[in-house]
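Inside the fold
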2 protein chains.
Amino acid sequence: MNMNAPTVFPAPVSSSGSIALTMSPRIRRSPFYEATVRDGVTHFTVYNKMLMPISFGDLGAELYRLMQGVSMWDVSVERQVEVSGPDAHACVQYLSARDLTKMKVGQGKYVAMCDHAGRLLNDPILLKLSDRYWFSLADSDMLLWVRAVAAEKGFDVTVCEPDVSPLAVQGPLAEDVIASLFGESVRAIKYFGCVETQLDDIPLVICRSGWSKQGGFELFLRDGAKGDELWNRVKEAGQPFGIGPGAPNHVERVVSGLLSWGGDTTPDSNPFEANMGKYVDVDTPVDYIGKAVLQKVAKEGPARLFVGMLLDGDAPSAWPLTERIPVTSNGKQVGTMSAVVYSPRMARTIGLAQIDRLVVESGVRLEVHSPLGVQGAVTTPLPFI
Amino acid sequence: MNMNAPTVFPAPVSSSGSIALTMSPRIRRSPFYEATVRDGVTHFTVYNKMLMPISFGDLGAELYRLMQGVSMWDVSVERQVEVSGPDAHACVQYLSARDLTKMKVGQGKYVAMCDHAGRLLNDPILLKLSDRYWFSLADSDMLLWVRAVAAEKGFDVTVCEPDVSPLAVQGPLAEDVIASLFGESVRAIKYFGCVETQLDDIPLVICRSGWSKQGGFELFLRDGAKGDELWNRVKEAGQPFGIGPGAPNHVERVVSGLLSWGGDTTPDSNPFEANMGKYVDVDTPVDYIGKAVLQKVAKEGPARLFVGMLLDGDAPSAWPLTERIPVTSNGKQVGTMSAVVYSPRMARTIGLAQIDRLVVESGVRLEVHSPLGVQGAVTTPLPFI
């Protein structure tokens with residue numbers, strides 16, 4: 001047994017894991033901001049130029065709720081880029097490296113948005129609503145990209161960032177909470193399926209989605225003035241199920257191999273290097289930005305792979321890893337690692353890395369270079385569990 | 001005398017003015033990060049997805065150095081979008097709402113980058129180097145915008161974010177520090193003039209620029225591995241002049257009326273509403289994105305103006321203002337305020353606001369709605385001093 005192994009649940013973020021952020025009108029707040037403050041939020045990050053809760057002071061309890069019960073998260077930072085108008089489908093298709101021909105109203109799809117060189121710009125969930133599309137975004141200003149492409153390409157569309165703010169309800173009991181609010185019919189919603197509805201006078205879209213593998217829904221609030229009301233309704237409905245506040249959980253997402261765009265990817269990563277290859281359609285008649293490059297990558301194989309790492313010993317750094325660290329093979333750099341955690345379920349230290357494909361395929365042992373020293377490691381496919 | 005007026009220099013940021021930010025590889029560090037930590041940085045913001053120092057714990061001393069001596073700032077977050085290749089000039093012109101026909105190598109210009117609806121996307125300094133252009137950016141992902149426009153419009157250019165990180169040296173003694181490092185010839189550099197040079201083996205571009213009105217230069221470091229070396233050289237050369245670490249100063253920038261894009265502007269602001277009208281060329285044969293809309297605004301007058309505010313009493317909120325607050329006239333909302341400070345030199349409380357133009361022109365008294373109550377105010381042109 002490793003005597004230095006962390007305890008089963010990680011400690012709250014230490015002072016060394018956070019810094020003092022000066023607030024500013026340049027960094028927006030969420031419609032749920034006041035509610036999260038009342039409920040004791042302790043740590044934030046900045047995502048899409050908005051404050052996002054990261055912890056409410058007890059990461060252990062937050063992880064436990066997500067894995068065993070139900071947790072509610074302010075994920076308003078998942079901003080939407082809305083595309084509507086006569087050419088909406090053509091525009092959205094051109095922006096997505098996936099064949100959307102058969103996409104139906106009420107469906108969502110995980111799509112790679114790439115530039116003309118095949119670089120991954122964002123990995124949104126694309127929702128098809130009755131009269132519009134939403135790209136529900138990771139951390140990049142895709143409003144700029146979509147508006148530029150739409151205008152220069154001459155699509156007859158309206159592109160905007162609507163007043164839409166997702167609240168996630170995640171965990172094995174999430175469906176019960178959502179059913180108690182909206183009725184039993186929500187249990188029939190498929191993965192990434194979305195329904196436009198209301199909760200009394202609160203307009204929203206329910207989607208079976210969320211940045212965890214524990215199941216759940218996201219409530220896309222369509223009126224920012226009603227953030228407090230929605231937060232309180234979900235909190236109240238969740239009481240019988242032991243709901244509590246939380247946030248996307250670093251340990252869970254690493255174990256589940258969920259991609260953090262901009263954290264796990266580098267500015268030149270293509271979707272095959274981000275483990276998104278199965279969502280990229282290269283053998284399709286539809287055209288989209290970056291297609292020729294992605295076809296070439298699909299044929300020749302990507303230069304790098306996004307993989308799991310199994311470390312020999314302790315976590316090489318405090319939670320969370322605050323910058324990418326080098327990974328070498330016999331002293332030669334072969335990639336970088338972007339996350340490392342201790343997994344209670346696996347009882348070992350694991351991580352995420354972008355590593356040269358030929359090195360991954362060779363199966364050689366690697367060295368991880370943390371500020372605390374060098375550790376041995378091997379790669380493993382994602383997800384871990 | 002107002003007994004509640006703040007002391008001459010504001011107190012260090014209080015715990016209420018900052019929050020705990022969890023660090024992540026998604027938020028990059030600057031090449032000067034380690035140096036700023038050694039020199040005692042206490043507060044950060046996140047800007048262009050990077051950490052930016054905001055204070056070293058004594059805002060009073062930092063303001064004094066900027067106003068009376070010399071201060072050095074890590075402003076690496078001013079990222080560059082580089083445009084090079086055969087169509088570089090045509091591409092940069094199309095992206096800038098200003099006639100660049102006569103722009104010469106070694107010149108910089110303050111430009112409005114707008115979208116097709118005339119909305120202000122960024123307010124960079126554009127530098128023309130011997131073989132490339134740099135947009136030196138405020139807080140938005142213009143790499144996405146420029147790449148999309150260049151590719152869809154078919155310009156034969158290369159667009160990238162180069163390894164370039166500005167270090168600002170600001171204050172009345174800044175020129176002496178820069179001259180002691182680079183020689184007396186730097187005194188001849190005009191405002192926004194730029195020179196490609198080296199400091200021993202450190203490649204950089206010197207520009208007479210910086211986000212203050214106290215004079216100074218920015219050293220655009222062209223090798224991120226040499227951040228520590230450049231920081232130490234500037235620190236050493238500045239010792240005889242009393243140099244110390246600092247950051248763009250909120251009090252000074254408000255008094256000087258310097259625009260904080262994304263803080264003072266709203267997503268739908270056009271450049272005339274951001275006090276940038278004098279930098280927008282509407283009577284020019286050159287074409288650029290948004291020109292037709294901007295011509296119309298120039299002719300009819302903008303709906304809103306970016307103005308100074310003179311408040312009757314105390315600052316309505318702790319430094320800094322953490323979100324936009326409403327401004328009314330006889331109970332009707334006529335704009336929002338994005339900054340408020342106590343100016344020691346003016347011995348009064350002042351602020352920045354975006355207010356309906358007709359209201360500004362009428363000169364009526366306004367009411368500012370802070371969390372601490374309502375205060376009377378009048379508008380005034382910028383800059384204050």
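The next point concerns the overall build of chain A. Counting its secondary structure elements, chain A contains nine helices and 22 strands. Compactness check: chain A gives a C-alpha radius of gyration of 21 Å against a globular reference of 21 Å for 385 residues, within 12% of the reference. Reported as C-alpha extents along the three principal axes, the dimensions of chain A are approximately 60 × 50 × 40 Å. When burial is assessed residue by residue, chain A has 54% of its 385 residues classed as buried. Sequence separation of at least 24 residues holds for 69% of the intrachain contacts in chain A that already meet a minimum separation of 6.

Tallying the contact residues gives 43 residues for chain B and 43 residues for chain A. Mapped by element, the contributors of at least two residues to the side of chain B that touches chain A are strand 1 (18–22), strand 2 (43–47) and helix 4 (142–153) of chain B. The element contributing the most residues to the side of chain B that touches chain A is helix 4 of chain B, with eight residues. Its residues assigned to classes, the side of chain B that touches chain A shows 18 nonpolar, 14 polar and eleven charged.

With an RMSD of 0.0 Å, the operation that places chain B on chain A is a rotation of 180° combined with a shift of 0.0 Å along the axis. Taken together, the rotation and translation describe the operation of a two-fold axis. A high fraction, 100%, of the interface residues of chain B reappear at the interface in chain A, so the copies pair face to face through one surface.

Further remarks concern the pairing of strand 5 (residues 80–84) of chain B. Residues and elements named next belong to chain B. Of all five residues in strand 5, four are buried, a share of seventy percent or more. As paired elements, strand 5 and strand 10 (residues 133–136) share four bridges and run antiparallel to each other. Paired with Val 83 across the bridge in strand 10 is Tyr 133.

Moving on, we get to the sheet that holds strand 22 (residues 373–380) of chain B. Within the closed barrel, the six strands sit side by side as 17-20-19-18-21-22 (chain B). Their pairing is antiparallel. Across this sheet, the average inter-strand angle for adjacent strands is 40°, counted without regard to direction.

A few words on the packing of helix 4 (residues 142–153) of chain A against helix 4 of chain B. Running from amino to carboxyl end, helix 4 of chain A crosses helix 4 of chain B at an angle of 20°, the nearest separation of the two axes being 8 Å. With respect to their mutual orientation, helix 4 of chain A and helix 4 of chain B come out roughly parallel. Between helix 4 of chain A and helix 4 of chain B the crossing geometry is right-handed. The residues of helix 4 of chain B that touch helix 4 of chain A, namely those facing Leu 144, Trp 145, Ala 148, Val 149, Glu 152 and Lys 153 of chain A, are Leu 144, Trp 145, Ala 148, Val 149, Glu 152 and Lys 153 of chain B. In terms of residue class, the contact of helix 4 of chain A with helix 4 of chain B is built from eight nonpolar, no polar and four charged.

Residues and elements named next belong to chain B. Sheet topology places strand 13 (residues 194–199) next to strand 14 (residues 202–207); six bridges connect them, and they run antiparallel. Note that in strand 14 the partner of Val 195 across the bridge is Ile 206. Hairpin connection between strand 13 and strand 14: a loop of two residues separates the two successive antiparallel strands, and Asp 200 in this loop has a positive phi of roughly 50°.

Moving on, we get to the sheet that holds strand 22 (residues 373–380) of chain A. Residue and element names in this part refer to chain A. Taken in spatial order, the six strands line up as 17-20-19-18-21-22 and close into a barrel, and their pairing is antiparallel. For this sheet, the mean inter-axis angle between neighbouring strands, taken without regard to orientation, is 40°. Summarising the sheet, strand 18 (residues 325–329) and strand 19 (residues 332–343) pair through five bridges and their orientation is antiparallel. Bridge pairing links Thr 328 to Gln 333 in strand 19.

Here the domain parsing of chain A yields domain 1 (15–78 + 164–253) and domain 2 (303–385). Spacing between the C-alpha centres of domain 1 of chain A and domain 2 of chain A amounts to 30 Å.

Residue and element names in this part refer to chain B. Following the sequence through the fold, Glu 161 ends up in the loop between strand 11 (158–160) and strand 12 (165–170). A residue is classified by how many C-beta atoms lie within 10 Å of it, and Glu 161, with 17 of them, is partly exposed. Taking the C-alpha atoms as reference points, Glu 161 and Leu 143, separated by 18 residues in sequence, lie 7.1 Å from one another. Not counting residues up to four positions away in its chain, the partners in contact with Glu 161 are Arg 79, Gln 80, Val 81 and Leu 143.

The next thing to look at is the environment of Leu 144 of chain B. Mapping Leu 144 of chain B onto the fold places it in helix 4. Note on Leu 144 of chain B: 23 C-beta atoms within 10 Å, which makes it buried. Between the C-alpha atoms of Leu 144 of chain B and Val 159 of chain B, which are 15 residues apart in sequence, the distance is 9.8 Å. Filtering out sequence-adjacent residues up to four positions away, Leu 144 of chain B remains in contact with Leu 121, Ser 140, Asp 141, Leu 144 and Trp 145 of chain A.

To continue, consider unusual backbone geometry. Cis geometry marks the peptide bond from Leu 382 of chain A to Pro 383 of chain A, where omega comes out at -5°. In this fold, Pro 383 of chain A is placed in the segment after strand 22. With a phi angle near 50°, Asp 200 of chain B is a residue other than glycine that sits in the positive phi range. When you line up the elements, Asp 200 of chain B lands in the loop between strand 13 and strand 14.

A word on helix 3 (residues 88–95) of chain B. Those residues of helix 3 of chain B not exposed but buried are Ala 88, Cys 91, Val 92, Gln 93 and Leu 95 of chain B. Contacts made by the buried residues of helix 3 of chain B are with strand 5, strand 7 (113–114), strand 9 (125–128), strand 10 and helix 4 of chain B.

Residue and element names in this part refer to chain B. The topology assignment puts Leu 294 in helix 8 (residues 291–300). We classify Leu 294 as buried; it has 25 C-beta atoms within 10 Å. Measuring from C-alpha to C-alpha, the distance between Leu 294 and Met 23 comes to 41 Å, with 271 residues separating the pair along the chain. The contacts of Leu 294, once residues within four sequence positions are left out, are Ala 97, Cys 114, Gly 118, Asn 270, Val 280 and Val 282.

All names here are of chain B. Taken N-terminus to C-terminus, the directions of helix 5 (residues 174–182) and helix 6 (residues 227–238) make an angle of 115°; their axes are 9 Å apart at the nearest point. Between helix 5 and helix 6, the crossing angle belongs to the class labelled roughly perpendicular. Crossing hand, helix 5 versus helix 6: right-handed. In this structure, helix 5 contributes Val 177, Ser 180 and Leu 181 to the contact, and helix 6 contributes Arg 233, Val 234, Ala 237 and Gly 238. Class assignment of the residues belonging to the contact of helix 5 with helix 6 gives a composition of four nonpolar, two polar and one charged.

Conventions used here
Residues numbered from 1 in each chain as written. Chains lettered and ligands numbered in written order. Predicted model: local features only at pLDDT ≥ 70, side-chain atom pairs only at ≥ 80, totals over all residues. Helix = DSSP H or I, 4+ residues; strand = E, 2+ residues; numbered from the N terminus. Rg over C-alpha atoms; globule rule 2.2 N^0.38 Å. Buried ≥ 20, exposed ≤ 12 C-beta atoms within 10 Å, placed from the backbone. Contact = placed C-beta atoms within 7 Å. Nonpolar A, V, L, I, M, F, W, Y, C, P; charged D, E, K, R; others polar. Least-squares fit on C-alpha atoms with pLDDT ≥ 70 in both. Pairing = 2+ DSSP bridges. Axes fitted to C-alpha atoms, helices over the stretch in contact; angles between N-to-C directions. Parallel < 35°, antiparallel > 145°, perpendicular 65-115°, else oblique. Left-handed = near helix turned anticlockwise from the far one by under 90°. Domains from an automatic or database assignment.

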